[in-house]
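Geometric and topological summary
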Amino acid sequence: MAASSTVIPIPPTDPFSAFLVSRAEPVDLPDLELESEVLDRLRAEGIVLVVPLVSEGRLLGTVNLGPRKSEQDYTNDDRSLLSTLASQLAPAVRLASLAKQQEDEAAERERIEQELRVARIIQQTLLPKNLPEVSGWEVSAHYQPAREVGGDFYDVLETGDGRLVIIEGDVTDKGVPAALVMATCRAALRSAVELTSDPGEILSRTNNALVDDIPPTMFVTCFVGVVEPSSGRIRFANAGHPVPAVAGPGGASELRASGMPLGLIKDSPYEVVEAELVPDSVMVVASDGVAEAHGHDGSMYGFDRVLETVTAGRDGDPIDALLEDIDGFAAFQEDDITVVSLRRLASAAQSAEAFGSPLLEFEVPSQEGAERAAMEKVVAAAGELGLDEPRAAKLGTAVAEAVMNAAEHGNGFDSGIPVGIVLHERGDSVVVEVSDDGGGLDGDLVAPDLEAKLDGAQSPRGWGRFLIEKLVDETTDRRENGRHILEMRMRKVGP
Amino acid sequence: MADLTAEVDGGVVRLGGDLTGNSEPTLASAFDDASGSGTVVLDFTGLEYMNSTGIGLLVTTLVRAQRSEVTLMAAGLSDHYREIFSLTRLDEAIPVHATVEEALAAA
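These lines cover the structure that appears in this document, whether it is placed above or below. If you're wondering where the values come from, they're calculated on a predicted model, not measured in any experiment. (Residues numbered from 1 in each chain as written. Chains lettered and ligands numbered in written order. Predicted model: local features only at pLDDT ≥ 70, side-chain atom pairs only at ≥ 80, totals over all residues. Heavy atoms only, no water.)

Some remarks on the overall build of chain A
Within chain A one finds 13 helices and 18 strands. Computed over C-alpha atoms, the radius of gyration of chain A comes to 38 Å, more than 25% over the 23 Å expected from 2.2 N^0.38 for 495 residues, which places it beyond the range of a compact globule. Overall size of chain A, expressed as C-alpha extent along the three principal axes, is 125 × 55 × 40 Å. Within chain A, buried positions represent 47% of all 495 residues. When the accessible area of chain A is evaluated, it comes to approximately 23800 Å², of which 50% is carbon and sulfur surface. (Helix = DSSP H or I, 4+ residues; strand = E, 2+ residues; numbered from the N terminus. Rg over C-alpha atoms; globule rule 2.2 N^0.38 Å. Buried < 20%, exposed > 50% of the residue type's maximum accessible area, 1.4 Å probe, protein only. Areas by Shrake-Rupley, 256 points an atom, 1.4 Å probe, with all protein chains shown as cover.)

Remarks on the pairing of strand β5 (residues 151-158) of chain A
All names here are of chain A. Burial analysis of β5 places 7 of its 8 residues in the buried class, which makes it a mostly covered element. As paired elements, β5 and strand β6 (residues 164-171) share 8 bridges and run antiparallel to each other. Bridge assignment links L157 to a residue of β6, and that residue is V165. Once β5 ends, the chain turns through 5 residues before running back antiparallel as β6, passing G162 with a positive phi of about 85°. (Pairing = 2+ DSSP bridges.)

Examining the sheet that holds strand β13 (residues 337-344) of chain A
Residues and elements named next belong to chain A. With antiparallel pairing, 5 strands are arranged side by side in an open sheet as β4-β13-β12-β9-β10. Looking along the sheet, the strands with just one partner apiece sit at the ends: β4 (137-144) and β10 (251-254). Strand-to-strand twist of the sheet, defined as the mean angle between neighbouring strand axes without regard to direction, takes the value 15°. Bridging between strand β9 (residues 245-248) and β10 involves 4 bridges; their strand directions are antiparallel. By the bridge assignment, A247 is partnered in β10 with A252. Against the sheet, helix α8 (residues 318-329) makes contact with β4, β12 (281-286) and β13, and its axis sits at roughly 150° relative to β13, the strand it touches most. (Axes fitted to C-alpha atoms, helices over the stretch in contact; angles between N-to-C directions. Contact = heavy atoms within 4.5 Å.)

Concerning the pattern of salt bridges
Residues and elements named next belong to chain A. According to the stated counting rule, one finds 42 salt bridges over all chains in the structure shown. As a salt-bridge pair, R465 and E469 come within 2.7 Å of each other at their nearest N and O atoms. Of this pair, R465 and E469 both sit in helix α13 (residues 464-471), separated by 4 residues, roughly a single helical turn. Of the residues examined, E469 reaches a relative accessible area of 39% and is grouped as partly exposed. The structure contains a network of salt bridges with shared partners spanning D198, E228, R233, R235 and E274. (Salt bridge = Lys/Arg side-chain N within 4 Å of Asp/Glu carboxyl O.)

Considering helix α1 (residues 24-34) of chain B
All names here are of chain B. Buried within α1 are the following residues: L27, A28, A30, F31 and A34. The arc that holds every buried residue of α1, seen down its axis, measures 165°, which confines them to one face. Exposed residues on α1 whose side chains face more than 90 degrees from its buried face are P25 and D33. Its buried side turned inward, α1 meets β1 (5-9), β2 (12-19), β3 (39-50), α2 (52-67) and β4 (71-75). (Arc of directions from axis to C-beta.)

Here we look at the packing of helix α11 (residues 389-410) of chain A against α13 of chain A
Residue and element names in this part refer to chain A. Between α11 and α13, whose axes approach to 9 Å, the crossing angle comes to 150°. Between α11 and α13, the interaxial angle falls into the category roughly antiparallel. Here the hand of the crossing between α11 and α13 comes out left-handed. Together, K394, T397, A398, E401, A402 and N405 of α11 and G464, R465, L467, I468 and L471 of α13 make up the contact between the two elements. Looking at the contact of α11 with α13 residue by residue, the class counts come to 5 nonpolar, 3 polar and 3 charged. (Parallel < 35°, antiparallel > 145°, perpendicular 65-115°, else oblique. Left-handed = near helix turned anticlockwise from the far one by under 90°. Nonpolar A, V, L, I, M, F, W, Y, C, P; charged D, E, K, R; others polar.)

Below, the structure written as structure tokens:
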């Protein structure tokens with residue numbers, strides 16, 4: 001027998017393949033009449049006998065033989081031996097190829113599992129560990145990854161001027177590529193929030209950063225809401241993310257704003273819409289894993305049901321209500337489920353009702369000594385509103401310090417720019433707002449330390465803001481109509 | 001608004017009016033006049049107003065006292081300013097007494 005090492009593939013479309021399966025026994029080539037390219041090639045290689053390896057009706061391969069060395073034809077005994085060999089070889093080859101296939105599949109599964117683990121780690125590392133605490137408000141979030149981790153993320157940030165930024169996004173695609181784009185997007189959003197508190201600008205800056213950085217087939221949907229805790233005013237923009245639902249005492253509403261998903265088209269515009277989160281209302285931002293969950297009958301959960309469930313669950317925890325309802329509805333969890341909720345507490349409602357018109361509103365010039373007059377007016381008004389003498393004195397000193405800071409740091413002692421003082425009664429508290437034309441606090445304030453001051457490591461001054469924080473119950477910085485406002489709240493009765 | 005007045009009586013400086021950053025010349029010269037005995041008691045009984053720049057000035061005065069090894073004490077603080085001494089921890093560096101007599105007895 002002549003052995004040849006040439007491998008001649010037999011495509012299943014070649015007629016010779018079907019012929020071999022049908023015969024399933026050694027085939028003499030010289031007498032065979034068949035139009036086949038494979039046959040021509042075999043003959044050209046000098047093959048005279050082909051023994052097919054067939055198992056379960058499938059051609060696994062062939063043993064190809066050249067002419068016998070004795071130059072005699074193959075005998076019937078030869079053929080019978082080869083036939084027996086082939087019939088035993090075929091299942092063994094089939095088994096080996098199945099084993100190989102299973103091994104490959106197991107390795108692929110392990111690779112996918114490994115990738116999922118990496119994706120999960122990236123994602124969970126980047127989600128916020130703690131949410132900011134804002135008096136009168138409650139922020140909650142729930143993130144539930146699907147088995148095949150999607151690209152959901154959320155972030156809740158506090159700006160320097162005391163606003164709350166609620167962000168929720170979803171990267172197309174899954175696994176590690178999605179997790180990496182999510183990391184890029186989160187970083188871009190965070191640096192945009194450092195620069196601006198305009199939700200439209202936050203999104204357009206992030207969009208422009210992403211367009212250059214992510215693969216053209218990928219994009220990110222994202223909602224950004226910027227909330228002013230003192231007024232409940234929310235300004236928001238949306239890059240194609242599901243519409244947030246708001247449930248309040250007056251019923252349900254939707255926070256709709258138009259905009260393209262992030263990462264697709266440079267300089268896409270983002271509409272900015274303003275709304276008010278009234279006391280005792282809750283806003284819920286739910287990723288598409290919620291509205292697009294499929295039920296056992298193939299139907300979709302849908303946005304209307306999100307709105308209904310949030311409205312029904314307004315008094316309790318709307319996130320729990322939503323998760324419970326989806327759990328009962330969906331056949332299984334296909335996609336990540338991310339829900340962020342922001343509730344304005346009802347107690348703030350009563351205070352807001354009592355907010356009314358200011359009891360005292362005046363201006364003082366930005367010059368040294370002006371704070372004394374402001375202090376005396378505030379102490380007198382606070383006394384009339386029922387603050388006891390020590391608390392009124394503390395509030396007075398805090399206001400004096402705030403007026404001094406406003407006159408000096410905010411208005412640069414420009415006597416043409418006044419410092420504004422407004423006093424409200426709000427619930428169980430007296431609230432004083434001091435406004436100036438400055439940019440508010442820049443950066444972190446260094447806490448004054450007496451030892452450092454005595455050693456000359458700190459200036460002997462710099463006590464103002466520290467005292468304010470220590471003297472009143474709560475301070476909030478914010479910007480309004482280009483003015484910086486420091487709000488100081490003092491409860492009428494001490495703890 | 002009333003400027004700071006400082007009446008020196010031995011080692012006692014009786015303050016009146018407003019203690020602010022602008023009071024530096026008045027307080028500095030009163031401190032110098034009173035520091036001969038090695039102890040200066042600042043009597044705040046007549047004080048009308050003090051702000052954070054006034055606290056800054058007290059820190060400056062305290063630095064001066066420490067350099068010249070003079071003991072600086074405070075007396076006659078109202079409850080309000082007593083609390084501000086405590087918030088700023090000034091009371092840990094400047095012993096606070098209810099009255100000038102108590103301060104002098106402790107000196």
